[in-house]
Amino acid sequence: MITHLFGDAYSPFFVGLLADLTYDTDTHYDEFKGLQVGVLTCPIVCILGAAAFLACALNYNSDRKKCNELIEQSAKVLRGDYSQPTEHKNDSSVGTVINRT
């Protein structure tokens, strides 16, 4: 619902603005070409969004692992435990169990 609110509400304005900026004469052909350019930019924006999603998806696991390590290090500092970090056999777990021994 939120994606439709952000995308559907503003996209007609931007398509029309791009169409008006592209061709400024008053012939029907130029209005058509302006709208054509405005509408054909939508797939380009979708491709850019898909590329950004792919980049995020490829980095998600490594970023999650770094975040879990930072959380574990912060917990050790708060406890005053400065021993060697513990190894976790299951990298696919969502949370990290902190060893308090």
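Residues numbered from 1 in each chain as written. Predicted model: local features only at pLDDT ≥ 70, side-chain atom pairs only at ≥ 80, totals over all residues. Heavy atoms only, no water.

Student: Mind showing me how you'd approach a negative patch on the surface here?
Tutor: Residues Asp20, Asp24, Asp26 and Glu31 make up a contiguous surface patch of negative charge. On the secondary structure map, Asp26 appears in the loop between helix H1 (2–22) and helix H2 (28–79). (Patch = residues over 30% accessible without salt bridge, like charges linked within 9 Å, V, L, I, M, F, W, Y side chains within 5 Å. Areas by Shrake-Rupley, 256 points an atom, 1.4 Å probe, with all protein chains shown as cover. Salt bridge = Lys/Arg side-chain N within 4 Å of Asp/Glu carboxyl O. Lys, Arg positive; Asp, Glu negative; His and termini not counted. Charge placed at Lys NZ, Arg CZ, Asp CG, Glu CD. Helix = DSSP H or I, 4+ residues; strand = E, 2+ residues; numbered from the N terminus.)

Student: Just to check I follow, could you spell out the pattern of salt bridges for this structure?
Tutor: Side chains that differ in sign of charge can pair as their charged atoms come close. The final tally for this structure, using the stated rule, is 1 salt bridge. With its nearest N and O atoms 3.9 Å apart, the salt bridge here joins Glu72 to Lys76. Taken as a pair, Glu72 and Lys76 lie in helix H2 at a separation of 4 residues, close to a single helical turn. Overall, the relative accessible area of 8% leaves Glu72 in the buried class. Its relative accessible area of 9% is what places Lys76 among the buried residues. (Buried < 20%, exposed > 50% of the residue type's maximum accessible area, 1.4 Å probe, protein only.)

Student: How do you make sense of the environment of Tyr23 when you look at a structure like this?
Tutor: With respect to the secondary-structure elements, Tyr23 resides in the loop between H1 and H2. Taking C-alpha positions, Tyr23 is 9.5 Å from Val37, a pair spaced 14 residues apart along the chain. Residues within four places of Tyr23 in sequence aside, it is in contact with Asp30, Lys33, Gly34 and Val37. (Contact = heavy atoms within 4.5 Å.)

Student: What exactly am I supposed to notice about H2 here?
Tutor: Since there are 3.6 residues in each turn of an α-helix, residues three or four apart along the chain are aligned in direction. With 52 residues, H2 extends 73 Å from end C-alpha to end C-alpha; this agrees with the ideal 76 Å at 1.5 Å per step. The sharpest bend along H2 measures roughly 45° and falls at Tyr60. Along H2, the positions that sit buried rather than exposed are Asp30, Gly34, Gly38, Arg64, Asn68, Glu72, Ala75 and Lys76. Positive backbone phi, at 85°, marks Gly80, one or two positions downstream of H2. (Expected span 1.5 Å × (residues − 1). Bend = angle between axes of the 7 residues up to and from the residue.)

Student: Teacher, can you tell me more about a nonpolar patch on the surface here?
Tutor: A cluster of nonpolar side chains, contributed by Tyr10, Phe13, Phe14, Leu17 and Leu21, occupies part of the molecular surface with about 580 Å² of accessible area. Looking at the element boundaries, Leu21 is found in helix H1. Assessed through its relative accessible area of 66%, Leu21 is described here as exposed.

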